[in-house]
Amino acid sequence: MCATKYSKAEATGELIRRGLHLCGALNGWPETAMEQLAAGSRLQHFTKGSVVMHAGSDRRDALVVVSGSVEIGGVDSDGARFVLTMRGAGEIIGIARMLRDRKFVYTYRASEDAVLVFLPANVLETVLDAHPPLWRTLCMLMLDRMCDQIELSKRWAFSLPSFRVADTLLRLCAQHGMHSTHDGHLHLRISQTDLAAMLAVSRQTVNKELRLLEQKGALDSGYGELRILDINKLREICDAPRYL
């Protein structure tokens, strides 16, 4: 039996459809809606560190992460880099870019090699208008993320660096952790520089806190990667008194 041959355009279209179906926020959407989204979307590959969208860009695209991960952040008034959040495979970002006449100040950057589906705002709006109940899906997603951000701000208020590091690692494990078939442990691909940007602290502070976590047997720190040895030790730190 001969294998079916696909043109490059057909292969790309199939990858777009698969990527959209893997997106949790689009789970349960009617197939007609998914096909409309796929028809109006485009696929793009990014290498680690490359800019997906610059701060101030007027492009109105939502993004679905097919593989890899994307960080959302920028540079503050002192020139220091910061990272608001990182989103991995199966997540949708940039929904706020559906808003018109708004200036967006954050840069989207591939934190590792990534494949992304670009959903033009006008295509997404057309599909949502054709299927009004789907507006509720995106509204609930945005409300959930807003509540998470408020809760995070509350937890971090006046907290010790040890708590913020452990809390961030737990969230990253839930979102981006990968179980290794080699050693059975959870692995996180993140550098100390990126972790420092997420925590708004110096790399030296992150290095110090990771060394302490290594001494407690919670993790091993390698180049651009963390191996979580005992996730319960991270949970214990988050459950302990955490204020200055």
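Data block above holds the structure.
Source: prediction; values computed, not measured. (Residues numbered from 1 in each chain as written. Predicted model: local features only at pLDDT ≥ 70, side-chain atom pairs only at ≥ 80, totals over all residues. Heavy atoms only, no water.)

With respect to helix α3 (residues 121-130)
Working note: α-helix, 3.6 residues per turn, so residues spaced by three or four point in the same direction. Taken together, the buried positions of α3 are occupied by A121, V123, L124, E125, V127 and L128. Considering only its buried residues, α3 is in contact with α2 (31-40), β3 (61-67), β8 (114-120) and α4 (133-156). (Buried < 20%, exposed > 50% of the residue type's maximum accessible area, 1.4 Å probe, protein only. Helix = DSSP H or I, 4+ residues; strand = E, 2+ residues; numbered from the N terminus. Contact = heavy atoms within 4.5 Å.)

Things to note about a nonpolar patch on the surface
Among the surface-exposed residues, M140, L143, M146 and I150 lie close enough to one another that they form a single nonpolar patch of about 390 Å² accessible area. Within the secondary structure, M146 sits in helix α4. (Patch = residues over 30% accessible without salt bridge, like charges linked within 9 Å, V, L, I, M, F, W, Y side chains within 5 Å. Areas by Shrake-Rupley, 256 points an atom, 1.4 Å probe, with all protein chains shown as cover. Salt bridge = Lys/Arg side-chain N within 4 Å of Asp/Glu carboxyl O.)

Observations regarding the environment of A25
Topologically, A25 is positioned in the loop between α1 (8-22) and α2. For the pair A25 and V64, spaced 39 residues apart in sequence, the C-alpha to C-alpha distance is 9.6 Å. Setting aside anything within four residues of it in sequence, one finds A25 in contact with I92, T137 and L141.

Regarding the sheet that holds strand β1 (residues 42-46)
If you trace the 4 strands from one edge of the open sheet to the other, you get β1-β8-β3-β6, paired in antiparallel fashion. Strands at the two margins of the open sheet, each flanked by one partner only, are β1 and β6 (92-93). Bridge count between β3 and β8: 6 bridges; the pairing is antiparallel. Its bridge partner lying in β8, L63 is registered against F118. (Pairing = 2+ DSSP bridges.)

Points about the nonpolar core
L169, L188, I190, L195, L210, L213 and L234 are the most contacted members of the largest nonpolar core, which has 29 residues in total. No other element matches helix α5 (residues 161-176), which puts 7 residues into this core. When neighbours within four sequence positions are excluded, L213 is seen to be in contact with V165, L169, A218, L219, L234 and I237. Among the nonpolar cores identified, the runner-up in size contains 28 residues, and M98, V123, L128 and L141 belong to it. (Core = buried A, V, L, I, M, F, W, Y, C linked by side-chain atoms within 4.5 Å.)

A word on α5
Taking 1.5 Å of rise per residue, the 16 residues of α5 would be expected to cover 22 Å, and the 22 Å separating its terminal C-alpha atoms lies within 8% of that figure. Where α5 is concerned, the buried positions are F163, R164, V165, A166, D167, T168, L169, L170, L172, C173 and H176. (Expected span 1.5 Å × (residues − 1).)

Describing the pairing of strand β5 (residues 81-88)
Moving residue by residue along a regular strand, the side chains alternate between the two faces of the sheet. As paired strands, strand β4 (residues 69-75) and β5 are joined by 7 bridges and run antiparallel to one another. Among the inter-strand pairings, V70 is bridged to a residue of β5, identified as R87. Between β4 and β5, which pair antiparallel one after the other, the connecting turn spans 5 residues, and G79 there sits at a positive phi close to 85°.

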